[in-house]
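What follows is each chain in one-letter form.
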Amino acid sequence: MTPAPWTRLSGATHAVALEVLLRGPLPRSELARRLDLSAGSLTRLAKPLLDSGLLVESGTSHESRAGRPTRPLDIVADAHRFIGAKITHEDVHAVVTTLRAEVVASARADLPGRDPASVVAVLRSLAAELVTRLGAQPAPGTPHITAAGVSLGGCVADHATVTGAPFLEWDDDVPLGAMLRDALAIPTAVDNDLLALTRAEHWFGAARGRDRFAVLTVGAGIGYGLVVHDRVVDSPDAGVGLLGHFPLDPLGPPCPRGHRGCATAMLSMASLRAAASVGLRRDVSYEECLDLAAAGDPVAGPLVTASGRALGRLIAAVANLTLTTEIVLTGEGVRLAEVAREALREGLAYDRDPRAADVSLDVRPVDFALWARGAAVTAIQAYVLGNRRRTGLRRPSGD
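No experiment lies behind these values; they were computed from the predicted model shown. (Residues numbered from 1 in each chain as written. Predicted model: local features only at pLDDT ≥ 70, side-chain atom pairs only at ≥ 80, totals over all residues. Heavy atoms only, no water.)

**Quick word on the overall build of the protein chain**
Move 1: Scanning the protein chain for helices and strands turns up 13 helices and 16 strands.
Move 2: Per-residue burial over the protein chain gives 51% buried out of 399 residues.
Move 3: Across the protein chain, contacts joining residues at least 24 apart in sequence account for 61% of those joining residues at least 6 apart.
Move 4: Element-wise, carbon and sulfur atoms account for 52% of the exposed surface of the protein chain, whose accessible area totals about 18400 Å².
Move 5: The averaged location of the 44 negative side-chain charges in the protein chain is 6 Å from the averaged location of its 42 positive side-chain charges. (Helix = DSSP H or I, 4+ residues; strand = E, 2+ residues; numbered from the N terminus. Buried < 20%, exposed > 50% of the residue type's maximum accessible area, 1.4 Å probe, protein only. Contact = heavy atoms within 4.5 Å. Areas by Shrake-Rupley, 256 points an atom, 1.4 Å probe, with all protein chains shown as cover. Lys, Arg positive; Asp, Glu negative; His and termini not counted. Charge placed at Lys NZ, Arg CZ, Asp CG, Glu CD.)

Structure (structure tokens):
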């Protein structure tokens, strides 16, 4: 039996299904408590969900208040599958996930070019490869691909049009959502990569159930995502990289826009590599700069220490301004946090009131499959929430 589409669910029934998706499996008593429902109301709302196959009973039986054994309610996570893809300046990483964003397959491919047509061709090829590998065809009893999500570094309007993507050198509007919807023949949503990653952490990751949460990334640029009041903070400016110009060191080097000691100048991989190359009078890669600093090099060491202290100050600023104490740090340049661990702690303590709560910093090695999973979560949210939010997710032409 194919579970009923989420978009057809009424408000109260939808709330039940969504709570089970995000928090389940849940005993009926716990589900009723979370949604402030009586036992009778929950039974009435859950029945059509069980009859349609969207919810199932699973796990160990629990005794209800009436003394009757009941089993927790859960969703059929594998009934739908979603493609998620993260586009970088040189390749594409793609995954297939379940309705709960569990990755069941992954693949990557180089970009032969950065023009929209080349990007779409690579995404279409990766999607076909993953579908063939999984046998995920719309046949009876076989999970099918319900929708796709694609993320990139840049500004995206209405989950459909890329209005700017500097790493891909896209300056004009690109209707990537429509192009992919036609190429893949499934609904497709496009998202800023940091927002997509934050959405995944919010629904299915470290921010699950948390009221406030931030994601910081260090790499080619400085990225930032925020959850406040259990909602991802979204804005047309999310892809501009505003945090990249947050001032950290008035005596630091200038960034390409002339801002002295801003986050980009102090933390981006290109800035640190350039400073080390000048100091050592030879071309130095980012990883070599960190290796030299870890070995006590007199040139690279102070540069990395200054960057680590600046990173600590940036983390403190995010915590101070948003009143959050839960922060995930990742990105291609995240190894800086390991090599300059003590300097990071010093910078964080310097700008953090000693009476304030400790900041919980979750440092994660970069994994573009997780970023692709974030894109899949954008598609999952669009499918599950439907017209309850603006997504730009529509059916392909002729469907």
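**Overview of the sheet that holds strand β6 (residues 91–97)**
Move 1: A sheet is described by the order of its strands in space; here 5 strands give the open sequence β7-β6-β5-β8-β11, paired in mixed fashion. Sheet topology places β7 (103–110) and β11 (188–192) at the edges, where each strand pairs with a single neighbour. Taken over all neighbouring pairs, the strand axes of this sheet differ in orientation by 20° on average, direction set aside.
Move 2: Where strand β8 (residues 144–152) lies against β11, 5 bridges are found, and the strand directions are parallel. Residue pairing across strands places glycine 149 opposite alanine 189, the latter belonging to β11.
Move 3: Strand contacts of helix α5 (residues 176–184): β5 (80–87), β8 and β11, with the helix running at about 145° to β11, the strand carrying the most contacts. (Pairing = 2+ DSSP bridges. Axes fitted to C-alpha atoms, helices over the stretch in contact; angles between N-to-C directions.)

**Section: the side chain of arginine 373**
Move 1: Relative to the helices and strands, arginine 373 resides in helix α13 (residues 368–385).
Move 2: Buried charge without a partner: arginine 373 forms no salt bridge, and the closest opposite charge is glutamate 201, 5.0 Å away.
Move 3: If near-sequence neighbours (up to four positions away) are discounted, arginine 373 is found in contact with Val95, Ala101, Val103, Ala200 and Phe204. (Salt bridge = Lys/Arg side-chain N within 4 Å of Asp/Glu carboxyl O.)

**Focus: the environment of arginine 44**
Move 1: In this fold, arginine 44 is placed in helix α3 (residues 39–52).
Move 2: Looking at arginine 44, the relative accessible area reads 55%, which means it is exposed.
Move 3: Residues arginine 44 and serine 307, spaced 263 residues apart in sequence, show a C-alpha to C-alpha distance of 58 Å.

**Here we look at the pattern of salt bridges**
Move 1: With the rule as written, the count across this model stands at 28 salt bridges.
Move 2: A salt bridge links glutamate 30 to arginine 34, with the nearest nitrogen and oxygen atoms 3.0 Å apart. Of this pair, glutamate 30 and arginine 34 are both found in helix α2 (residues 28–35), 4 residues apart, which corresponds to roughly one turn of the helix.
Move 3: According to the relative accessible area criterion, glutamate 30 is partly exposed, its value standing at 23%.
Move 4: Residue arginine 108 is joined to aspartate 110 by a salt bridge in which the shortest nitrogen-to-oxygen separation is 2.4 Å.
Move 5: Connected through shared salt-bridge partners, Glu19, Arg23, Glu30, Arg33 and Arg34 make up one network.

**Observations concerning the nonpolar core**
Move 1: Ranked by size, the top nonpolar core spans 38 residues in total, and within it Leu267, Val304, Leu311, Ile315, Ile327 and Leu336 carry the most contacts.
Move 2: The element best represented in this core is helix α10 (residues 300–322), accounting for 9 residues.
Move 3: In contact with isoleucine 327, other than residues within four places in its own chain, are Ala214, Leu216, Ile315, Val318, Ala319, Val359, Ser360, Leu361 and Asp362.
Move 4: In terms of nonpolar packing, the next biggest core, distinct from the first, is built from 34 residues, Leu49, Phe82, Trp203 and Ile380 among them. (Core = buried A, V, L, I, M, F, W, Y, C linked by side-chain atoms within 4.5 Å.)

**Notes on the packing of aromatic side chains**
Move 1: Inspection of every chain in the model, using the stated rule, returns 3 aromatic pairs.
Move 2: Judged by centre distance (5.9 Å) and plane angle (85°), the rings of tryptophan 203 and phenylalanine 204 are edge-to-face.
Move 3: Taking relative accessible area as the criterion, tryptophan 203 reaches 7% and is therefore assigned buried.
Move 4: Ring geometry for phenylalanine 368 and tryptophan 371: centres 6.4 Å apart, planes at 55°, overall tilted. Of this pair, phenylalanine 368 and tryptophan 371 both sit in helix α13, 3 residues apart, roughly one helical turn. (Phe/Tyr/Trp six-rings, centres within 6.5 Å; stacked < 30°, edge-to-face > 60°.)

**Considering the sheet that holds strand β13 (residues 222–228)**
Either a parallel or an antiparallel arrangement is found when strands of a sheet pair, and the pairing is made through backbone hydrogen bonds.
Move 1: One open sheet holds the 5 strands; their spatial order is β14-β13-β12-β15-β16, and the pairing between them is mixed. Looking at which strands have only one partner, the edges of the open sheet turn out to be β14 (231–232) and β16 (360–363).
Move 2: Relative to β13, strand β12 (residues 213–218) runs antiparallel, the two being bridged by 6 bridges. In the sheet register, alanine 214 faces β13, and the bridge partner there is leucine 226.

**Details of the confidence of the model for the protein chain**
Move 1: When pLDDT is averaged along the protein chain, the result is 88; 90% of the residues meet or exceed 70.
Move 2: For the stretch residues 390–399, pLDDT sits under 50, and the model shows 25 contacts to residues farther than four places along the chain or on other chains. (pLDDT = per-residue confidence, 0-100.)

**A short note on the packing of helix α8 (residues 269–280) against helix α9 (residues 286–294)**
Move 1: Put simply, α8 and α9 touch, their axes get as near as 9 Å, and they point 65° apart. The hand of the α8/α9 crossing is left-handed. Contact residues: Met269, Leu272, Arg273, Ala276 and Leu280 in α8; Tyr286, Cys289, Leu290 and Leu292 in α9.
Move 2: Residue composition of the contact of α8 with α9, grouped by class: 8 nonpolar, no polar and 1 charged. (Left-handed = near helix turned anticlockwise from the far one by under 90°. Nonpolar A, V, L, I, M, F, W, Y, C, P; charged D, E, K, R; others polar.)

**Let's talk about the environment of histidine 80**
Move 1: Relative to the helices and strands, histidine 80 resides in strand β5.
Move 2: In sequence terms histidine 80 and alanine 220 are 140 residues apart; their C-alpha atoms lie 34 Å from each other.
Move 3: For histidine 80, the side chain forms a polar contact with the side chain of tyrosine 383, separated by 3.4 Å. (Polar contact = N/O pair within 3.5 Å; in protein donor to acceptor, adjacent residues only side chain to side chain.)

**Remarks on the pairing of β12**
Taken residue by residue, a regular strand's side chains alternate between the two faces of the sheet.
Move 1: Of all 6 residues in β12, 6 are buried; the element is thus mostly enclosed.
Move 2: Here β12 shows no split at all, with Phe213, Val215 and Thr217 on one side and Ala214, Leu216 and Val218 on the other all buried.
Move 3: In sequence, β12 turns back onto β13 through a hairpin of 3 residues.
Move 4: Looking at chain direction, β12 and strand β15 (residues 326–330) are connected through 4 bridges and run parallel. Its bridge partner lying in β15, valine 215 is registered against valine 328.

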